[in-house]
Amino acid sequence: MASSGTFCLTLTVLCITAAIAQTSFVTVECNAQTLGEHGHQSLLECFVKTTKEGADAKILVVTWTKEGVEKPLLVFHQGDVDAQKGYRFAEPAWDENNRNTSLLITNTAVTDDGVYSCMVITDSGDDEAHTSLTVKATYKAPTVLHSIPEKKIPNQVGELVCITDGGYPKGQLRWFDQDGGEWTRSAAMNATKSGSGLFRLSSTFPLLQGSIFSKYTCMVFNASGGKEGSTTFEMPPPSPAELGGSGGLTLPSKVVAPVVVIGSLIVGLLLVLVYRRRSQNARRPSAVPLMDDHQRVPARQSDVEEGCLDDMMPETVQP
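Presented here is an overview of the structure given in this document. Model, not experiment: these values are computed from the prediction.

1. Side note on the overall build of the protein chain
- Counting its regular elements, the protein chain contains 4 helices and 18 strands.
- Among the 319 residues that make up the protein chain, the fraction classed as buried is 28%.
- Considering only residue pairs separated by 6 or more positions, the protein chain has 58% of its internal contacts joining residues 24 or more positions apart.
- Carbon together with sulfur atoms contributes 58% to the accessible area of the protein chain, which is approximately 20800 Å² in total.

2. Observations concerning the state of the cysteines
- Counting across every chain of the model gives 2 disulfides.
- The disulfide bridge from C30 ends at C46, spanning 1.8 Å between sulfur atoms. Looking along the S-S bond of the C30-C46 disulfide, the torsion reads about 115°, which is the right-handed sense. A residue pair is termed long-range when its members are at least 10 positions apart, and C30 in strand β1 (residues 26–30) and C46 in strand β4 (residues 46–50) qualify at 16 residues. With respect to class, C30 is no different from C46; both count as buried.
- Disulfide partner of C162: C218, at an S-S distance of 2.0 Å. On the sign convention where negative means left-handed, the S-S torsion of about -85° between C162 and C218 marks this disulfide as left-handed. Here C162, found in strand β13 (residues 156–167), pairs with C218, found in strand β17 (residues 215–221); they are 56 residues apart in sequence, far enough to count as distant.

3. Quick word on unusual backbone geometry
- A cis geometry characterises the amide bond from Y168 onward to P169, with omega recorded as -10°.
- With respect to the helices, strands and loops of the structure, P169 is situated in the loop between β13 and β14 (172–177).
- Look at Q78: it is not a glycine, yet its phi comes out positive at around 55°.
- Position of Q78 among the secondary structure elements: in the loop between β6 (74–77) and β7 (80–83).
- What makes Q78 exposed here is its relative accessible area of 68%.

4. Side note on the sheet that holds strand β10 (residues 114–122)
- Strand order in this open sheet of 6 strands is β2-β11-β10-β5-β6-β7, and the pairing throughout is mixed. Each having just a single partner strand, β2 (33–37) and β7 make up the two edges of the open sheet. Here the strands of the sheet are splayed against their neighbours by 20° on average, with no regard to which way each runs.

5. Some words on the environment of A109
- Within the element layout of this structure, A109 appears in the loop between β9 (103–105) and β10.
- On the basis of relative accessible area, A109 is assigned to the partly exposed category, the value being 25%.
- Once the C-alpha coordinates of A109 and L198 are considered, the two residues, 89 residues apart in sequence, prove to be 9.4 Å apart.

6. Here we look at the side chain of K66
- Its location among the elements puts K66 in strand β5 (residues 59–66).
- In this structure K66 is buried but unpaired, with D112 as the nearest side chain of opposite charge at 6.4 Å.
- Polar side-chain contacts of K66 include one of 3.3 Å to the backbone oxygen of D113.
- Apart from residues no more than four positions distant in its own chain, K66 is found in contact with L73, T111, D112, D113, G114, V115 and Y116.

7. Regarding the environment of T63
- Its location among the elements puts T63 in strand β5.
- Separated by 65 residues in the primary sequence, T63 and E128 have C-alpha atoms spaced 9.4 Å apart.
- Once you skip the residues sitting within four places of it in the chain, T63 turns out to touch L74, V75, S117, C118 and M119.

The rules behind each value
Residues numbered from 1 in each chain as written. Predicted model: local features only at pLDDT ≥ 70, side-chain atom pairs only at ≥ 80, totals over all residues. Heavy atoms only, no water. Helix = DSSP H or I, 4+ residues; strand = E, 2+ residues; numbered from the N terminus. Buried < 20%, exposed > 50% of the residue type's maximum accessible area, 1.4 Å probe, protein only. Contact = heavy atoms within 4.5 Å. Areas by Shrake-Rupley, 256 points an atom, 1.4 Å probe, with all protein chains shown as cover. Disulfide = S-S within 2.5 Å. Pairing = 2+ DSSP bridges. Axes fitted to C-alpha atoms, helices over the stretch in contact; angles between N-to-C directions. Lys, Arg positive; Asp, Glu negative; His and termini not counted. Salt bridge = Lys/Arg side-chain N within 4 Å of Asp/Glu carboxyl O. Polar contact = N/O pair within 3.5 Å; in protein donor to acceptor, adjacent residues only side chain to side chain.

Following this line, the structure appears as structure tokens:
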């Protein structure tokens, strides 16, 4: 009988304890999501709420944990706070009577991105809530470089390379011409992650022969599609080789050069003809003293072909 009575008493105590445990007068409420900036402080807000019955509840234990991390980030137990470096209560003078159990991350890093849990145990019950932190980093203003590939590519006279880094999560580089037309599909983008988790983006845009645009703009967008920076590159004047292809001649030069050569030849031939005509005209009066008046050639015969007078002179002169 004694053993039976002890068993019943133990069973009764367990039932009462279970009933008290199920009747909690405490809840933990946290912001569902927090946006943190890389290199800045981030605040994960959580508060302990009690009913009227638990208004005087005393906090016994607080633990902050992160999904995927085995060791707790912060633990309060028996009046002591044990926290990893970079984590602490939002209120420096926190104690067991403070209902603000928010966690402060003093220097947010990419690795802080994730889901967190805050568990609170009081003498009037316990509860746990979850919150997530989304970390972002703003990309630097992009820089644009103009280069000419060492290996010649058909119909390509150069390329523009746009570079930016320091951003998170992975963003995108996009190309636009001076009229707002987008050329991103013609470019090739590459993204690499640094040791700190931040991304470096680079995009190579080919410049084709005969392009009519003088300005191109490279814009960087974050993972949410928001524009974070841009740089406009103004194309330098094209070289003769870029405009004319082989020989380094431009298209106008190829047209003008033959015209100049042909024109020079024509002018030269005209000068030769004029010189010969003047030389022949200068020799005609020299034959006049050799003839008598009645033997001079009639005026109408002076219109014969050039050179005929000289051929006839030896036959008409008297010995």
